[in-house]
Amino acid sequence: MMEISHETLVAIAKSWGLFYFIAMSIGVLIYTFWPRNRKRFARAKLIVLDKEDRPCS
Amino acid sequence: MRLIAGLTTTERQTGLFLAGLVTLMGAALGIAGRNDLLGYHGLLIVVFGAVIMIALLRNLDAPEPEESRLSEYYDDPIRFGIVLTMVWAVFAMFIGVWVSALLAWPELTFDAAWASFGRLRPVHTTGVIFGFGGNALIATSLHVVQRTSRARLPDQVSPWFVLLGYNLFCLLAVTGYFLGITQSKEYAEPEWYADIWLVIIWVTYFVLYIRTLARRKEPHIYVANWYFMAFILVVAVLHIINNLAVPVSFGSAKAYSAFSGVQDAMTQWWYGHNAVAFFLTAGFLGMMYYYLPKRAERPIYSYRLSIISFWGITFLYLWAGSHHLHYTALPHWVQTLGMTFSIVLLVPSWASAGNALLTLNGAWHKVRDDATLRFMMVAAVFYGLTTFEGSFLAIRAVNSLSHYTDWTVGHVHAGALGWVAMITFGALYTLTPSLWKRERMYSNSLVEVHFWCAVIGTFIYVFAMWNSGIIQGLMWRTYNDSGTLTYSFIESLVAMHPYYIARTVGGLFFLTGAVVGTYNILMTIRHEPRPLRERAETLGADQPLVPGE
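Residues numbered from 1 in each chain as written. Chains lettered and ligands numbered in written order. Predicted model: local features only at pLDDT ≥ 70, side-chain atom pairs only at ≥ 80, totals over all residues. Heavy atoms only, no water.

Asks: How would you explain the overall build of chain B if you had to name every residue and give the values?
Replies: Each helix and strand counted, chain B has 19 helices and two strands in total. Its C-alpha atoms give chain B a radius of gyration of 24 Å, within 12% of the compact-globule value 24 Å for 549 residues. Here the C-alpha coordinates of chain B stretch approximately 85 × 65 × 50 Å along the principal axes. Split into buried and exposed, the 549 residues of chain B put 58% on the buried side. Working note: accessible area of chain B is about 22,200 Å², and carbon and sulfur atoms make up 70% of it. Treating the 34 positive side-chain charges of chain B as one cloud and the 32 negative ones as another, the clouds have centres 6 Å apart. (Helix = DSSP H or I, 4+ residues; strand = E, 2+ residues; numbered from the N terminus. Rg over C-alpha atoms; globule rule 2.2 N^0.38 Å. Buried < 20%, exposed > 50% of the residue type's maximum accessible area, 1.4 Å probe, protein only. Areas by Shrake-Rupley, 256 points an atom, 1.4 Å probe, with all protein chains shown as cover. Lys, Arg positive; Asp, Glu negative; His and termini not counted. Charge placed at Lys NZ, Arg CZ, Asp CG, Glu CD.)

Right, dumping it as structure tokens:
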């Protein structure tokens, strides 16, 4: 069985961990600012203020 | 009983079956552990199950509930959860005051083993975090998910199973500490059988939440639900991994952790810090993103910012736990990793706090008049302050002064009193009148009283601990000319005494506020508020009658 050394883990954490973090951030930013999502978010924002206190049938 | 009359006959039978099952499990545990402390817990579970069985049996043949209930939200467990939240608040904050008094006057243990500091302290922490905080989260999350999905909960049994089962867990935890049952992991003290029970409850909670979201009539899942989902999911993962342990036998309360040494410490603080992150932050942010805009009657300032901060918080927090282990046997680079992530965390944290405060921009007159909204405003301010302080304390050099001192305790309480409890009280004061179909709370003046008690209490507490912590830290690191320590430990303890008394006073203020709040909520449940005209005569016409108008 291949032994995973402490040094290997550190190297992975220090290099790929960083890229993973950056990729994740870019993904979130793309989702947030994707033009097609604008309408969904604008609608979602107002759900809270809805006065009708019963489920949609 | 009205709560049981709301269930269909099949649901009552299912409930009876489940309660019976729990009773049997309790009996089995009690018999297997009859020569151990476990026996008491077996008995407790039997009593808990039996009480529910008797309540259900007595109302088993009550008439079926009306069909029209399906066109309403299912709020009975939420109402029950609000009352439980306040009961736990008063109990656990009372224990908190007692524990703090113990540090100033050690004779207050009355020579009883169960009242020693080591046992009372986890009763306080578990009672406030899991009893008060957990019940508040369950109640508000089930309220928010229904409203923002415009869908009723999918069934009427699982919410009760979650709520009552969760409170059984809290009872097992708290009574266990009094008896001396603990696995000595901070915020994860309950032993293996209680841990397994919580896993069952938590998975049911998760499935219930997902099923409700699946029934939603809105195209988009509102951001508050994302926070609640993160809270439920991550707490499940943390709880399961940190509590991996092997019991001595099925008849023993004691279990041994699967981890040892520095791995155990890292797992524990990965759990511990993320309990703060996902239990005490993400869940309560979910609360804030719904009740603050609701009460202010203004939509959240920036929906997009709320999404970015959501992913920032969920991603970054998971790596920050190692800052609890600075200057220990933990590898240096892991400490540095935790420190770095803790600092970066300030960005999404302040984004959330700023988003909340900017939502109030243009509604400051409401904040001035309405103590409920003011609770939530103060919560957002304390959230911002505490997350800044947290990032700062996570820096290794700062930590060398602050660690093991009262500064940490002050930091935790700035978060717990200033943020968690304040946002909860704000949410409960918004929720209670609407759930019991009241125009407003029984007494707005009492909400004011509660607000000021809470604010004064928090300030006294936090300032006392800042002072005490920094003095302690400095005394411990002062050397004299010959290179030895200037102060003995006992001298630093004597220096703490006045601050410990001040802290007890602060806690007492906060407890008083919680008692006033509980009274106000119970009176709102029992009575319609007096009509406005009658109040106008007693108050004088110039005072605002309804906050925010």
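Asks: Got a sec to walk through helix α10 (residues 303–317) of chain B? Specific residues and values, please.
Replies: All names here are of chain B. Along its 15 residues, α10 runs 21 Å from first to last C-alpha, staying within 8% of the 21 Å computed at 1.5 Å per residue. Where burial is concerned, most of α10 is hidden: 12 out of the 15 residues are buried. Listed as buried for α10 are Y303, R304, S306, I307, S309, F310, G312, I313, T314, F315, L316 and Y317. For α10, the side-chain oxygen to backbone nitrogen distance between the N-cap and L305 is 3.0 Å, and the N-cap itself is S302. (Expected span 1.5 Å × (residues − 1). Polar contact = N/O pair within 3.5 Å; in protein donor to acceptor, adjacent residues only side chain to side chain.)

Asks: Summarise the nonpolar core; cite the residues concerned and give the values.
Replies: Within soluble globular proteins, side chains that are nonpolar tend to cluster in buried spots. Residues and elements named next belong to chain B. Residues W202, Y222, F231, F279 and F425 are the most contacted members of the largest nonpolar core, which totals 160 residues. Looking at which element gives the most residues to this core, the answer is helix α9 (residues 261–296), with 17 residues. When residues no more than four places from it in sequence are discounted, the contact partners of F425 are M86, M93, F132, F375, H450, F510 and A514. (Core = buried A, V, L, I, M, F, W, Y, C linked by side-chain atoms within 4.5 Å. Contact = heavy atoms within 4.5 Å.)

Asks: Outline a nonpolar patch on the surface, supporting the account with residue identities and numerical values.
Replies: All names here are of chain A. A contiguous nonpolar patch, built from I12, W16, L18, F19, I22, I26, I30 and W34 and spanning about 850 Å² of accessible area, is present on the exposed surface. Its location among the elements puts L18 in helix α1 (residues 6–33). For L18, a relative accessible area of 45% corresponds to the partly exposed category. (Patch = residues over 30% accessible without salt bridge, like charges linked within 9 Å, V, L, I, M, F, W, Y side chains within 5 Å. Salt bridge = Lys/Arg side-chain N within 4 Å of Asp/Glu carboxyl O.)

Asks: So, the interface of chain A and chain B: which residues are in play, and what are the values?
Replies: At the interface, 28 residues of chain A touch 33 residues of chain B. In this assembly, chain A packs against chain B so that about 3,200 Å² is buried in total across both faces, 66% of it on carbon and sulfur atoms. In this structure, the connection of chain A to chain B is made through six salt bridges. Salt-bridge contacts for E297 of chain B lead to K51 of chain A; the nearest nitrogen and oxygen are separated by 3.1 Å. Joining chain A to chain B, the criterion identifies 13 residue pairs in polar contact (both at pLDDT 80 or more). Every element with two or more residues in the side of chain A that touches chain B is listed here: α1 and α2 (38–47) of chain A. The element best represented in the side of chain A that touches chain B is α1 of chain A, accounting for 11 residues. Of the residues in the side of chain A that touches chain B, the class split is 17 nonpolar, two polar and nine charged. (Buried area = accessible area lost by both parts, 1.4 Å probe. Nonpolar A, V, L, I, M, F, W, Y, C, P; charged D, E, K, R; others polar.)

Asks: Describe the domain arrangement of chain B, with residues and values.
Replies: All names here are of chain B. Domain annotation for chain B reports domain 1 (1–65) and domain 2 (75–539). Measuring from the centre of the C-alpha atoms in domain 1 to the corresponding centre in domain 2 gives 30 Å. With both chains or domains summed, domain 1 and domain 2 bury close to 1,900 Å², and 75% of this area falls on carbon and sulfur atoms. When residues of domain 1 are sorted by the area they lose upon contact with domain 2, L3, H41 and F48 head the list and together hold 29% of the total. Here domain 1 and domain 2 share one salt bridge between them. One can count seven residue pairs in polar contact (both at pLDDT 80 or more) joining domain 1 with domain 2. Sorting the residues of the side of domain 1 that touches domain 2 by element identifies α1 (2–5), α2 (9–32) and α3 (38–58) as the ones contributing at least two each. (Domains from an automatic or database assignment.)

Asks: Can you tell me about the packing of aromatic side chains, naming the residues and giving the values?
Replies: All told, the structure shown has 48 aromatic pairs over all chains when counted by the stated rule. Grouped by ring-pair contacts, the aromatic residues Y31 and F41 of chain A together with Y222, W226, Y227, Y289, Y303, F310 and W311 of chain B constitute a single cluster. One cation-aromatic arrangement involves R374 of chain B over F451 of chain B; the distance from NZ or CZ to the ring centre is 4.9 Å. (Phe/Tyr/Trp six-rings, centres within 6.5 Å; stacked < 30°, edge-to-face > 60°. Lys NZ or Arg CZ within 6 Å of the ring centre and 35° of its normal.)

Asks: Please give an account of the side chain of N274 of chain B that cites residues and values.
Replies: Residue and element names in this part refer to chain B. Assignment of secondary structure puts N274 in helix α9. Residue class for N274 comes out buried when judged on its relative accessible area of 0%. One polar contact links the side chain of N274 to the main-chain carbonyl oxygen of W270, over a distance of 2.7 Å. Residues contacting N274, with those up to four places away along its chain left out, are L238, F279, Y317 and L318.

Asks: Would you mind going over helix α12 (residues 346–359) of chain B in detail, with residue names and values included?
Replies: All names here are of chain B. The terminal C-alpha atoms of α12, which comprises 14 residues, lie 20 Å apart, in line with the 20 Å expected from a rise of 1.5 Å per residue. Among the residues making up α12, those that are buried are L346, P348, S349, A351, S352, A353, N355, A356 and T359. Contacts from the buried residues of α12 go to α8 (223–242), α9, α10, α11 (332–344) and α14 (371–393).

Asks: Got a sec to walk through the pattern of salt bridges? Specific residues and values, please.
Replies: Enumeration over the complete set of coordinates arrives at 18 salt bridges over all chains. Between R2 of chain B and D76 of chain B there is a salt bridge, and its shortest N-O distance comes to 3.6 Å. One end of the pair, R2 of chain B, is in helix α1; the other, D76 of chain B, is in helix α4 (residues 76–104), and 74 residues separate them in sequence. The shortest N-O distance in the salt bridge between E448 of chain B and R374 of chain B comes to 2.8 Å. You can see E448 of chain B sitting in helix α17 (residues 444–476) and its partner R374 of chain B sitting in helix α14, a full 74 residues away along the chain. By relative accessible area, which is 24% here, E448 of chain B ends up partly exposed. By relative accessible area, which is 10% here, R374 of chain B ends up buried. Here the salt bridges share partners, and the residues they tie into one network are D50 and E52 of chain A together with R150 of chain B.

Asks: Pulling in residues and values, what's your account of unusual backbone geometry?
Replies: All names here are of chain B. Positioned with a positive phi, F110 is a non-glycine residue whose angle comes to about 55°. One can find F110 in the loop between α4 and α5 (117–149). Of note in the backbone geometry, Y187 takes a positive phi value of approximately 65° without being a glycine. Checked against the element boundaries, Y187 lands in the loop between α6 (158–179) and α7 (192–214). Of the residues examined, Y187 reaches a relative accessible area of 15% and is grouped as buried.

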